[in-house]
Amino acid sequence: MKRALFEDEHNWFRESVAAFVDRELMPNRERFRSQRSIDREAWLKAGEAGFLGLGVPAEYGGSGIDDFRFNAVFGEELARAGFAYASSFGIQTDVVAPYLLRLTTEEQRRRWLPGFCKGEIVTAIGMTEPAAGSDLKGIQSTARRDGDGWSLSGSKTFITNGYNANLVVTAARTPDPGGISLFAVEEGMEGFNRGTKLHKLGQHEADTAELFFDEVALPAENLIGEPGRGMALMMGHLSQERISTAVVNVAHAENVMRLTLEYVMERKAFGRPIGSFQNSRFVLAGCDAELDMARVYVDRCVEAHVAGELTAVEAAKAKLISSEIQNRVIDACMQLHGGYGYIEEYEVARSWVDARITRIWAGTNEIMKEVIGRSLGLEEPQG
Ligand SMILES: Cc1cc2nc3c(=O)[nH]c(=O)nc-3n(C[C@H](O)[C@H](O)[C@H](O)COP(=O)(O)OP(=O)(O)OC[C@H]3O[C@@H](n4cnc5c(N)ncnc54)[C@H](O)[C@@H]3O)c2cc1C
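Only a predicted model underlies this, so the values are computations on that prediction, with no experimental measurement involved.

K.L.:
Could you clarify how one ought to interpret the environment of Ala143 in this entry?
P.N.:
Inspection of the secondary structure puts Ala143 in strand 2 (residues 142-146). Using a count of 29 C-beta atoms within 10 Å as the deciding quantity, one classes Ala143 as buried. Each C-alpha atom of the pair Ala143 and Gly339 lies 52 Å from the other, and the pair is 196 residues apart in sequence. The contact partners of Ala143, leaving out residues within four places of it in the chain, are Trp150, Ser151, Leu152, Ala172, Thr174, Ser181, Phe183 and Leu218.

Spelled out as structure tokens, the structure:
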């Protein structure tokens, strides 16, 4: 179905992102995969091209245009090159940016945003802990008052960009005031250490790490937002994270679908292209219909988000259906590749493992169903 979401400026922007992807990411892909991280050089190039300051006012070095459709285009083009690019850069532009823009003081914005837009400050978000993922109320990292500042101890796990980040927006329990508070933990702070890069099943280009905090002395100026209100602040930002991942999920599957259509016309069995078998046609027809449906819903959510009208429930639905359809479509495409679909050099094999996490992160799909279920008035009995 023809998309109605974008205007000329988004289409021009897409061309420049696609050129960046072809020039800076594709030729270095195998190296990024084997070193399990994207070179800082690529971040700096993305910054230079203006991709990292989307939505950031020009006075802090950003694009000066607050229009999430540009973020959507950026994510879609990155996803076509590989899911890990979209997740790594997306943490910066779609997940952390709103924290640094909306919850910070003028002094903090001046301190962090220019480097953030240039790619000199790569960021991460540290919510998940070894014993607290879906249930963030179980966060055990603790920041106690220490003079004017805070002393942070604890750990985080599964943190995207965690190994290379210069600044990690970190959620920690604060006894005074009670609740969760958010802090900027910066590279080089004493007591801030990282584990090795985690050996994930897929998305090898993205660095994902455990983080350790051993009485890290945080100045008062590194508190982000109001102390004790961290949980509400994080919940308030989840819709953008979920719509961002939904956009990328659909684009990623669309790319695999496109490659599979080419493959089934080239590959022959029993003297004919495998695409000419009725089963292949039916499978791909089903995938195409599902993707179209997901695309239309997600585009509508992006439109609502740009208008400031996207609800948490709509974002949860977009995350849920896009990840389910993405995984179903890619699995079907892998089957149509036969044995080659299981070989790492084939895009479909990489995409299959890369996609599996999308049903787990940004809130698991079970948690999405909880959010949607509650909106239907269906709650577990209390007590
Ligand atoms: C590659 C990768 C990158 C990540 N990046 C980041 C990052 O940058 N920052 C960050 O903070 N986190 C990140 N995460 C963490 C991710 O968001 C969590 O893994 C996810 O939220 C699930 O938490 P968990 O792993 O602790 O699973 P758990 O919460 O232990 O869940 C285990 C299972 O129990 C189910 N479950 C839990 N509660 C309920 C319930 N109430 N009802 C029904 N079922 C339930 C879950 O759905 C799941 O199936 C990343 C994870 C991975 C693997």
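K.L.:
Looking at this structure, how should I read the environment of Thr142?
P.N.:
Along the chain, the position of Thr142 falls in strand 2. Using a count of 15 C-beta atoms within 10 Å as the deciding quantity, one classes Thr142 as partly exposed. The spacing of Thr142 and Ile91 is 51 residues in sequence and 24 Å in space, taken between C-alpha atoms. In this structure, Thr142 is in contact with Ser153, Gly154, Ala172 and Arg173, ignoring residues within four places of it in sequence.

K.L.:
Help me out: how do you make sense of helix 6 (residues 106-118) in this one?
P.N.:
Taking 1.5 Å as the rise per residue, helix 6 with 13 residues should run 18 Å; its terminal C-alpha atoms sit 19 Å apart, in good agreement. A maximum bend of about 35° is found in helix 6 at Trp112, where proline Pro114 lies one to four positions downstream. Contacts made by the buried residues of helix 6 are with helix 3 (40-48), helix 5 (83-102), strand 1 (123-126) and strand 4 (167-173). Just downstream of helix 6 lies Gly119, where phi reads positive at about 90°.

K.L.:
Please explain the pairing of strand 5 (residues 180-186) as it appears in this structure.
P.N.:
Moving residue by residue along a regular strand, the side chains alternate between the two faces of the sheet. The buried fraction of strand 5 is high, at 6 of 7 residues. Bridging between strand 4 and strand 5 involves 7 bridges; their strand directions are antiparallel. Bridge pairing in strand 5 links Val169 to Ala184. The hairpin formed by strand 4 and strand 5 contains 6 residues between the paired strands, and Gly179 there has a positive phi angle of roughly 115°.

K.L.:
Help me understand the site of the ligand in this model?
P.N.:
Taken together, 21 residues form the shell around the ligand, and within it Met127, Gly133, Ser134, Thr364 and Glu366 come nearest. Secondary structure elements with two or more residues in the shell around the ligand: strand 1, strand 3 (149-160) and helix 11 (365-375). Split by residue class, the shell around the ligand holds 10 nonpolar, 8 polar and 3 charged. The residues that make up the shell around the ligand include at least three from each of domain 2 (125-226) and domain 3 (232-375).

K.L.:
Can you walk me through the packing of helix 7 (residues 230-266) against helix 9 (residues 312-336) in this structure?
P.N.:
What describes two packed helices is the angle between their axes and the distance between those same axes. At a minimum axis separation of 8 Å, helix 7 and helix 9 run at an interaxial angle of 20°. Taken as axis vectors, helix 7 and helix 9 run roughly parallel relative to one another. Every pair of crossing elements has a handedness; the one defined by helix 7 and helix 9 is left-handed. Tallied by class, residues from the contact of helix 7 with helix 9 come to 17 nonpolar, 8 polar and 2 charged.

K.L.:
How do you make sense of the packing of helix 1 (residues 8-25) against helix 3 when you look at a structure like this?
P.N.:
Running from amino to carboxyl end, helix 1 crosses helix 3 at an angle of 155°, the nearest separation of the two axes being 11 Å. Classified by the angle their axes make, helix 1 and helix 3 are roughly antiparallel. For the crossing formed where helix 1 meets helix 3, the hand is right-handed. Together, Phe20, Glu24 and Leu25 of helix 1 and Ala42, Lys45 and Ala46 of helix 3 make up the contact between the two elements.

K.L.:
In this structure, what is going on with helix 4 (residues 68-81)? I would like to understand it.
P.N.:
Each turn of an α-helix holds 3.6 residues, which means side chains three or four residues apart point in the same direction. A rise of 1.5 Å per residue sets the reference length of helix 4, with its 14 residues, at 20 Å; its end C-alpha atoms lie 20 Å apart and thus fit the reference within 8%. Counting buried residues along helix 4, 14 of its 14 residues qualify, which places the element largely inside the surrounding structure.

K.L.:
Just checking my understanding: could you explain the domain arrangement of the chain for this structure?
P.N.:
Reports of interface size often rely on the accessible area that becomes lost once the parts have come together. As far as domains go, the chain holds domain 1 (8-121), domain 2 (125-226) and domain 3 (232-375). Here the C-alpha centroids of domain 2 and domain 3 sit 31 Å apart. Contacts between domain 2 and domain 3 engage 9 residues on the former and 9 residues on the latter. Tallied by class, the residues present in the side of domain 2 that touches domain 3 amount to 5 nonpolar, 4 polar and no charged.

Each value, and the rule that gives it
Residues numbered from 1 in each chain as written. Predicted model: local features only at pLDDT ≥ 70, side-chain atom pairs only at ≥ 80, totals over all residues. Helix = DSSP H or I, 4+ residues; strand = E, 2+ residues; numbered from the N terminus. Buried ≥ 20, exposed ≤ 12 C-beta atoms within 10 Å, placed from the backbone. Contact = placed C-beta atoms within 7 Å. Expected span 1.5 Å × (residues − 1). Bend = angle between axes of the 7 residues up to and from the residue. Pairing = 2+ DSSP bridges. Near = placed C-beta within 6 Å. Nonpolar A, V, L, I, M, F, W, Y, C, P; charged D, E, K, R; others polar. Domains from an automatic or database assignment. Axes fitted to C-alpha atoms, helices over the stretch in contact; angles between N-to-C directions. Parallel < 35°, antiparallel > 145°, perpendicular 65-115°, else oblique. Left-handed = near helix turned anticlockwise from the far one by under 90°.

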